[in-house]
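This is what each chain is made of:
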Amino acid sequence: CKTIGTGARVRRASKHRMAEEFDVIVIGGGPAGSLCAALLRRYTPTMRVALIERDAFPRYHIGESFVLEVNRILQDAGVLEKVEQADFLRKAGATYVWGTDRRPWPFLFSESTGRRPHFDGIKDYTFHVERADFDKVLLDHARELGVEVFQPASVNDVLFDGERATGVRIQH
C-alpha cells in the first residue's frame, strides 16, 4: 500500500482551505489500500488513518480468483465474514499448467488445510469475486473501523519537508 509518513496532512483544494492531520495516509482504495488501512486501524485503533480513492464505488474492475492464502489476510483484517456474507462464488481449488509438460494439475485446497501450520484455522475454500462488489465490501469495512475515507478524491500533490513526505493535497 502507499502510505505517507507520520503527522501527515491532507489539504483539500477548495475555496475553503482545510488541513487535517493523520498518522498515515493511504492512496488508493482498491483491495491493497483498503486492507492496509483496515489492518492499521484494527491493530492500532488509536491511529488516525486517511484513505484517498479517486473513484466512487462500486466501479467496474475485472473479477479476481483467489488462492487460499488470501483468506488469512481477509481474516486478519476482520473482513472474512463480510466476504462470506456477500455470497461470492466459492472456490475449492485451482488447476495449474506450467513447464514443458502442459498437462493440467488440479489442486484442492482441502489437501493443504490442516496439514500445514499456516493454514490452521482457515477455511478450505476461497472465492471468485466480482471486483466492484468486493472492493466496496473492503472499503466499507475500513470505514467501519474508523478509517476516514475521501472519495471521490484525487491526490494533486504530495507535500514534502526536505525528503520526508508530510502530506498530500487533494481535490475532493
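Residues numbered from 1 in each chain as written. Predicted model: local features only at pLDDT ≥ 70, side-chain atom pairs only at ≥ 80, totals over all residues. Heavy atoms only, no water.

Peer 1: Is there a simple way to explain the pairing of strand E12 (residues 164-171) in this structure?
Peer 2: Regular strands place side chains that alternate from one sheet face to the opposite one. Pairing between strand E11 (residues 154-161) and E12: seven bridges, direction antiparallel. From the neighbouring strand, Phe160 faces E12, where its bridge partner is Ala165. Connecting the antiparallel pair E11 and E12 is a turn made up of two residues, with Gly162 showing a positive phi of about 70°. (Pairing = 2+ DSSP bridges. Helix = DSSP H or I, 4+ residues; strand = E, 2+ residues; numbered from the N terminus.)

Peer 1: Hey, could you run me through the confidence of the model for the protein in this one?
Peer 2: Low pLDDT means the predicted coordinates in that region are not meant to be read closely. Taken residue by residue, the protein gives an average pLDDT of 85. The fraction at 70 or more is 84%. When pLDDT is averaged over each element of the protein, helix H1 (residues 31-43) comes out on top at 97 and strand E1 (residues 8-12) at the bottom at 57. Of the regions scoring below 50 in pLDDT, residues 1-6 engages in 27 contacts with residues more than four places distant in sequence or in other chains. (pLDDT = per-residue confidence, 0-100. Contact = heavy atoms within 4.5 Å.)

Peer 1: Whenever I open this one, the pairing of strand E3 (residues 24-27) confuses me. Can you help?
Peer 2: Pairing geometry for E3 and strand E4 (residues 49-52), over four bridges, is parallel. Looking at E4, one finds that Val26 is bridged to Leu51.

Peer 1: What am I meant to see in the environment of His128 here?
Peer 2: With respect to the helices and strands, His128 occurs in strand E9 (residues 126-129). Sequence-wise, His128 and Gly63 are 65 residues apart; in three dimensions their C-alpha atoms are separated by 7.2 Å. In this structure His128 touches Glu64, Ser65, Phe88 and Leu89, once residues within four positions along its chain are discounted.

Peer 1: Would you explain the nonpolar core in this entry?
Peer 2: It is characteristic of soluble globular proteins that their nonpolar side chains tend to be buried jointly. Counting 14 residues, the largest nonpolar core has Leu74, Val79, Val83, Phe127 and Phe134 as the members making the most contacts within it. Counting only elements with at least two residues in this core, the list comes to helix H3 (80-85), E9 and helix H4 (131-144). Here this core gets three residues from one element, more than from any other, and that element is H4. Residues contacting Val83, with those up to four places away along its chain left out, are Leu74, Phe88, Phe127, Phe134 and Val137. Val26, Met47, Val49 and Leu51 belong to the second largest nonpolar core, which has 13 residues in total. (Core = buried A, V, L, I, M, F, W, Y, C linked by side-chain atoms within 4.5 Å. Buried < 20%, exposed > 50% of the residue type's maximum accessible area, 1.4 Å probe, protein only.)

Peer 1: Is there a simple way to explain H4 in this structure?
Peer 2: For an α-helix, the turn length of 3.6 residues means that residues three or four places apart are oriented alike. Over its 14 residues, H4 runs 20 Å from end to end, which matches the ideal 20 Å to within 8%, given 1.5 Å per residue. Of all the residues in H4, the buried ones are Arg131, Ala132, Phe134, Asp135, Val137, Leu138, Leu139, His141 and Ala142. The first or second residue beyond H4 is Gly146, which carries a positive phi of 105°. (Expected span 1.5 Å × (residues − 1).)

Peer 1: How should I be thinking about the sheet that holds strand E6 (residues 89-91) in this particular structure?
Peer 2: Strand pairing in a sheet takes place through backbone hydrogen bonds and is either antiparallel or parallel in direction. Read across the sheet, three strands follow the order E5-E9-E6 without closing on themselves; strand pairing throughout is antiparallel. Whereas interior strands pair on both sides, the edge strands pair on one side only; in this sheet they are strand E5 (64-65) and E6. Judged from the two bridges that link them, E5 and E9 form a sheet pairing that is antiparallel. Looking at the pairing, Glu64 lines up with Val129 of E9.

Peer 1: Is there a simple way to think about the packing of H1 against H4 in this case?
Peer 2: The axes of two packed helices give the description: the angle between them and the distance between them. At a minimum axis distance of 8 Å, the contact between H1 and H4 shows a crossing angle of 20°. Of the possible angle classes, the one that applies to H1 and H4 is roughly parallel. In terms of crossing hand, the pair formed by H1 and H4 is left-handed. Of H4, the residues touching H1 (which contributes Pro31, Ser34, Leu35 and Ala38) are Arg131, Phe134, Asp135, Leu138, Leu139, His141 and Ala142. (Axes fitted to C-alpha atoms, helices over the stretch in contact; angles between N-to-C directions. Parallel < 35°, antiparallel > 145°, perpendicular 65-115°, else oblique. Left-handed = near helix turned anticlockwise from the far one by under 90°.)

Peer 1: Looking at this model, I keep getting lost on the environment of Gly30. Mind explaining?
Peer 2: By secondary structure assignment, the location of Gly30 is in the loop between E3 and H1. Setting aside chain neighbours within four positions, we find Gly30 in contact with Glu53, Arg59 and Asp135.

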